[in-house]
Amino acid sequence: MSSGTLKGDGESFTIMSLKDVNYHDLFVEYLVPGGPYATSDWHIRLLYKISCLCLKPFFFVLDSLLSIFIRTTDESYHRNDSVSLLLISIKVLLLSVSLVCFLPLALFGFIIWLPLQLCRPRPYSYIGPTLNERHTSMSDKYERIQCGNIHPKSTSMSQPSPKSAAKTYSVITANICLMPEFIAHINNLTNTIIRGKQISSYFSGDGVVSSVNKGKSPGETSSKPSENNYLVSSWSADSIRTDGYEEIGGSIDSNSVASTLWSVSSKECSVSDVLPTASDFICLQEVFDSRATDKLLQGLKAKYPYIIYDVVWPIHNYRITLLGSGLCIASRYPFIDIDFKPFADGNRDDKLACKGILMTKVYLGHTEDGDNLIGYLATTHLQAWSHSRASSARCKQINAMEGWIEEFQQQSRKVHNNATEKVLFNMVTGDFNFDKISHCDRNEQRCSVFQQFVDPCIDEDGAQHSWVIGTELNQKKMHDERVRTPQGLQRMLISELERHQYVASTTPARSTFQRVGDGKRRIDYILYKQCDNTTMAIKDYKFFTGLATLTDHIPVGMMFSCDGTTTNQ
């Protein structure tokens, strides 16, 4: 394979001659940036925009009206005086009148919107380079890769060498609860649009404004993170344990506060109040609200040039869903292939959302021998609630998910027809809504997907490592003064005596009234599968508290290395 350099517009780009032109023709033509109708004729795109413009005012007013009647713990303290009640009554009256006025416009928009779903070309919106940015003027057989957009500080990540050391990547998964306002209120959260902007700032490394620091700029709310705070940091040979997790990070963080109530254990190294800025992939769930999504994307796209969002098949399995899947993946590496499969099974209110699994194939670079390095990354959000019917639906979803992942990878290899592919990683992330310990989740725990994929939080005996904590927060108490800041939430999460007050606990087969909760109900997962001719080693695994009061989940991050120095035959 030959290579060269092209300079233009003040930037330098690496030019790579590809062995298989079809491999990247699909990348250029199929993944067109834009909405779900980006590849459709202009009149189809126009009709879709008109339908959305007609529907948005009605749903905005309806959302605002319903949210008034659902109180959160923060709002309950400010609604008991007569003046507040009068203002609320006036607001309800005005919104009700507006709702009636916008109803005919919404019906007109729905009439346009519904038949368009029958010719919807793809189930997602995509942010990525335009056609002109992807092509060079030299030849159609060349692909321009903007290495600076992938790793500003190091271009070696985008062009691995077969003779170099193992390459390190990082992934984060988080359920960020960007729902319509009235649904957010049910989860004891408010201000969805503002939270979208704050979460975006946090993931982009610009800091986050916590609820106790309102009115301050992001730079005033948090100090600049040190090297020890980053998921991807400079690791010494003594600080990395790839065979276990009992001493993650090697030593206790000096910034952590420990006392008789706070466990001096490896949890202090696995729970961090600072999120890394160098994560390669971010997988998000419950990104529903379109206005909050816009705020989220505005911040993310500055650091992540490739983003998949608005993932939904509105009409599937003989029903119409009111909400999308809520799935979103932001990447510093280009996507080669994308697919989404909606779950046919659902229970109760979960049927209102188009839950499913978003599967992607990511281009990681190439070796000097011309092998294309790729990775598979998927994210999902399974059935909620903890009863028998929900458990049955979850098991069906897990089984379907396992088959779809295998089908997607087989079809992708067949379409690309590229014998020089080398798979570095194969991962599944997301909110699974069950844990690996509780007796009530035993059916899900027996699903075969856990024989195919590895859970880094589980030891060889099937028990959770001692450094693992739960990721499902207690919604009623997540606004308590002691956990309203990232630092306060971190201190509580490492406490064996107090964590159960703020995090859901597992339920063993034999529970007693005297049993104290453990605060270890972990429902957010990062699973991986070892690939042929590649050695994958886990460098670090962390739980992050930086989104305190912004979501009812604890984000999870993992750093791993892929040593793919051997060559596919």
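Engineer: Help me understand a nonpolar patch on the surface, please; the structure alone is not making it clear to me.
Structural biologist: Nonpolar side chains collect at one region of the surface, where W42, L46, L47, I50, F102, L105 and F108 lie side by side and expose about 640 Å² of accessible area between them. Mapped onto the nonpolar patch, the elements with two or more residues apiece are α2 (42–68) and α3 (82–116). When residues in the nonpolar patch are grouped by element, the largest group, 4 residues, is from α2. Along the chain, L46 turns up in helix α2.

Engineer: What is the right way to look at the packing of helix α7 (residues 192–203) against helix α10 (residues 290–300) in this model?
Structural biologist: Between two packed helices, both the angle of their axes relative to each other and the distance between the axes serve to describe the pair. The contact between α7 and α10 brings their axes to 8 Å, and the two run at 20 degrees. Judged by the inter-axis angle, α7 sits roughly parallel to α10. The crossing of α7 and α10 is right-handed. Facing α7, whose interface residues are T192, I193, G196, K197, I199, S200 and F203, α10 presents R291, A292, K295, L296, G299 and L300. Across the contact of α7 with α10, the residue classes tally to 6 nonpolar, 4 polar and 3 charged.

Engineer: How do you make sense of the packing of α2 against α3 when you look at a structure like this?
Structural biologist: α3 packs onto α2 with a crossing angle of 155 degrees between their chain directions and a minimal axis gap of 7 Å. The orientation of α2 relative to α3 falls into the category roughly antiparallel. The interaxial crossing formed by α2 with α3 has left-handed handedness. Its residues assigned to classes, the contact of α2 with α3 shows 25 nonpolar, 5 polar and 1 charged.

Engineer: Just checking my understanding: could you explain the confidence of the model for the protein chain for this structure?
Structural biologist: Low pLDDT marks stretches whose predicted atomic positions should not be read closely. For the protein chain, per-residue confidence averages 77 on the pLDDT scale, and 72% of positions sit at 70 or higher. Scored below 50 in pLDDT, residues 1–26 shows 69 contacts in the model against residues more than four places distant or in partner chains.

Engineer: Help me out: how do you make sense of the sheet that holds strand β16 (residues 524–529) in this one?
Structural biologist: Adjacent strands of a sheet form backbone hydrogen bonds with each other and so pair up, either parallel or antiparallel. The strand order β12-β13-β14-β15-β16 describes an open sheet built from 5 strands, whose pairing is mixed. Strands with a single pairing partner mark the edges of an open sheet, and in this sheet they are β12 (335–342) and β16. The mean angle between the axes of side-by-side strands here comes to 15 degrees, regardless of whether they run parallel or antiparallel. Looking at chain direction, strand β13 (residues 356–366) and strand β14 (residues 372–381) are connected through 9 bridges and run antiparallel. Within β14, the position partnered with H366 by the bridge is N372.

Engineer: Would you mind going over α10 with me for this structure?
Structural biologist: Residues spaced three or four apart along an α-helix face the same direction, because each turn holds 3.6 residues. Listed in full, the buried residues belonging to α10 are A292, T293, L296, L297 and L300. Buried residues of α10, viewed axially, fall in a sector of 135 degrees; they line one side. Tucked inside the fold, the buried residues of α10 contact β3 (125–127), β5 (167–178), α7, β7 (281–287), β8 (306–309) and β11 (328–331). Sitting at the amino-terminal end of α10 is D289, which places a side-chain oxygen 3.1 Å from the backbone nitrogen of R291.

Engineer: Hey, could you run me through the packing of aromatic side chains in this one?
Structural biologist: For any pair of aromatic rings, the description rests on two quantities: the centre-to-centre distance and the angle between the ring planes. Considering all chains together, one arrives at 21 aromatic pairs under this definition. Here the aromatic rings of F432 and F434 are separated by 6.1 Å at their centres, their planes lie at 40 degrees, and the arrangement is tilted. F434 gets classed as buried once you look at its relative accessible area, which sits at 0%. The ring of Y502 carries K477 above its face, with NZ or CZ at 5.1 Å from the centroid. Positioned above the aromatic ring of F453 is the side chain of K529, whose terminal nitrogen or guanidinium carbon lies 5.8 Å from the ring centre.

About the criteria used
- Residues numbered from 1 in each chain as written.
- Predicted model: local features only at pLDDT ≥ 70, side-chain atom pairs only at ≥ 80, totals over all residues.
- Heavy atoms only, no water.
- Patch = residues over 30% accessible without salt bridge, like charges linked within 9 Å, V, L, I, M, F, W, Y side chains within 5 Å.
- Areas by Shrake-Rupley, 256 points an atom, 1.4 Å probe, with all protein chains shown as cover.
- Salt bridge = Lys/Arg side-chain N within 4 Å of Asp/Glu carboxyl O.
- Helix = DSSP H or I, 4+ residues; strand = E, 2+ residues; numbered from the N terminus.
- Axes fitted to C-alpha atoms, helices over the stretch in contact; angles between N-to-C directions.
- Parallel < 35°, antiparallel > 145°, perpendicular 65-115°, else oblique.
- Left-handed = near helix turned anticlockwise from the far one by under 90°.
- Contact = heavy atoms within 4.5 Å.
- Nonpolar A, V, L, I, M, F, W, Y, C, P; charged D, E, K, R; others polar.
- pLDDT = per-residue confidence, 0-100.
- Pairing = 2+ DSSP bridges.
- Buried < 20%, exposed > 50% of the residue type's maximum accessible area, 1.4 Å probe, protein only.
- Arc of directions from axis to C-beta.
- Polar contact = N/O pair within 3.5 Å; in protein donor to acceptor, adjacent residues only side chain to side chain.
- Phe/Tyr/Trp six-rings, centres within 6.5 Å; stacked < 30°, edge-to-face > 60°.
- Lys NZ or Arg CZ within 6 Å of the ring centre and 35° of its normal.

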